[in-house]
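# Chain and residue survey
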Amino acid sequence: QVQLVESGGGLVQPGGSLTLSCTASGRIFSINGMGWYRQPPGQQRELVAGLHRYGDTNYADSVKGRFTISGDNAKNTVTLQMNSLKPEDTAVYYCVLAIVEYETAYENDYWGQGIQVTVSS
């Protein structure tokens, strides 16, 4: 059974920085993609950043130039560095990994439990 654990959220002032991390455990054969989503209060979940198998990335327009996604396949970890945070970045953030397990040989998306990020003075 694959499990994802997120860390690094919390309260930060506008203009500040936070780093979110998400680590997967279990019988993981490969990770074919990594991403972060967020769900602001009262809104739908939205894509923040994606990191694809061969290293290309994509970002929501609202975070371009401020957020950076990176991954370490050897450690089964994806990180989101968030700089110049704004109140509108307040949301629950979720990581998602496209994982192939040894037993199944199929790719499935696994989600983290969600972590709160609050940007407020």
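A brief report on the enclosed structure follows. Per chain, residues are indexed from 1 in the order of the written sequence. Per-residue local features of the predicted model are confined to residues with pLDDT of at least 70, and side-chain atom pairs are confined, for both listing and counting, to 80 or more; whole-chain, interface and lining totals are unaffected and use all residues. Where side-chain values are given, they derive from all heavy atoms of the structure, hydrogens and water being excluded.

This next bit is on the state of the cysteines. The criterion for a disulfide is a pair of cysteine sulfur atoms lying within 2.5 Å. Summed over the entire model, instances satisfying the criterion amount to one disulfide. Here C22 pairs with C95 through a disulfide, and the sulfurs are 2.0 Å apart. Disulfide C22-C95: torsion about the S-S bond near 55°, hence right-handed. In this pair, C22 sits in strand β3 (residues 18-25) while C95 sits in strand β9 (residues 91-101), placing the two residues 73 residues apart along the sequence. Here's how the labels work: a residue is buried when its accessible area is under 20% of the maximum for its type, exposed when over 50%, partly exposed in between, all with a 1.4 Å probe on protein chains only. On the accessibility criterion, C22 (0% relative accessible area) is buried. The exposure class of C95 is buried, given its relative accessible area of 0%. Strands here mean DSSP runs of E at least two residues long; helices mean DSSP runs of H or I at least four residues long; both are numbered from the N terminus.

Its volume calculated, the largest pocket comes out at about 170 Å³. Counting only elements with at least two residues in the lining of the largest pocket, the list comes to β4 (28-39), β5 (46-52), β9 and β10 (107-111). With four residues, β4 is the largest single contributor of residues to the lining of the largest pocket. Classifying every residue of the lining of the largest pocket gives seven nonpolar, five polar and one charged. Detection works on a 1 Å grid of protein atoms alone, calling trapped sets that fit a 1.4 Å probe cavities and calling open sets with protein on both sides within 12 Å along at least five of seven lines pockets, with lining residues defined by an atom within 4 Å of a point. Grid points are joined across faces, edges and corners, and a volume is the space filled by probe spheres set on the points. Polar here means any residue outside two lists: the nonpolar Ala, Val, Leu, Ile, Met, Phe, Trp, Tyr, Cys and Pro, and the charged Asp, Glu, Lys and Arg; Gly therefore counts as polar.

Paired rings are identified among Phe, Tyr and Trp, the last through its six-membered ring, by centres lying within 6.5 Å, and are further divided according to the angle between planes into stacked (under 30 degrees), edge-to-face (over 60) and tilted (the rest). Under the criterion given, the structure shown has two aromatic pairs. Consider the rings of F29 and Y102, whose centres lie 5.5 Å apart with planes at 75°: the pair is edge-to-face. Of this pair, F29 sits in strand β4 while Y102 sits in the loop between β9 and β10; the two residues are 73 residues apart in sequence, bridging distant segments of the chain. Taking the relative accessible area as the measure of exposure, Y102 reaches 48% and is therefore partly exposed. With a centroid separation of 5.1 Å and an interplanar angle of 55°, the aromatic rings of Y37 and W111 are classed as tilted. Within this pair, whereas Y37 is found in strand β4, its partner W111 is found in strand β10, the two being separated by 74 residues in sequence. When its relative accessible area of 26% is taken as the criterion, Y37 is described as partly exposed. Judged by relative accessible area, W111 falls into the partly exposed class, the value being 38%. Any Lys NZ or Arg CZ found within 6 Å of a ring centre and within 35 degrees of that ring's normal is scored as a charge over the ring. The side chain of R45 reaches across the aromatic face of Y94, ending 3.7 Å from its centre. Between the NZ or CZ atom of R45 and the centre of the ring of W111, over which it lies, the distance is 4.9 Å.

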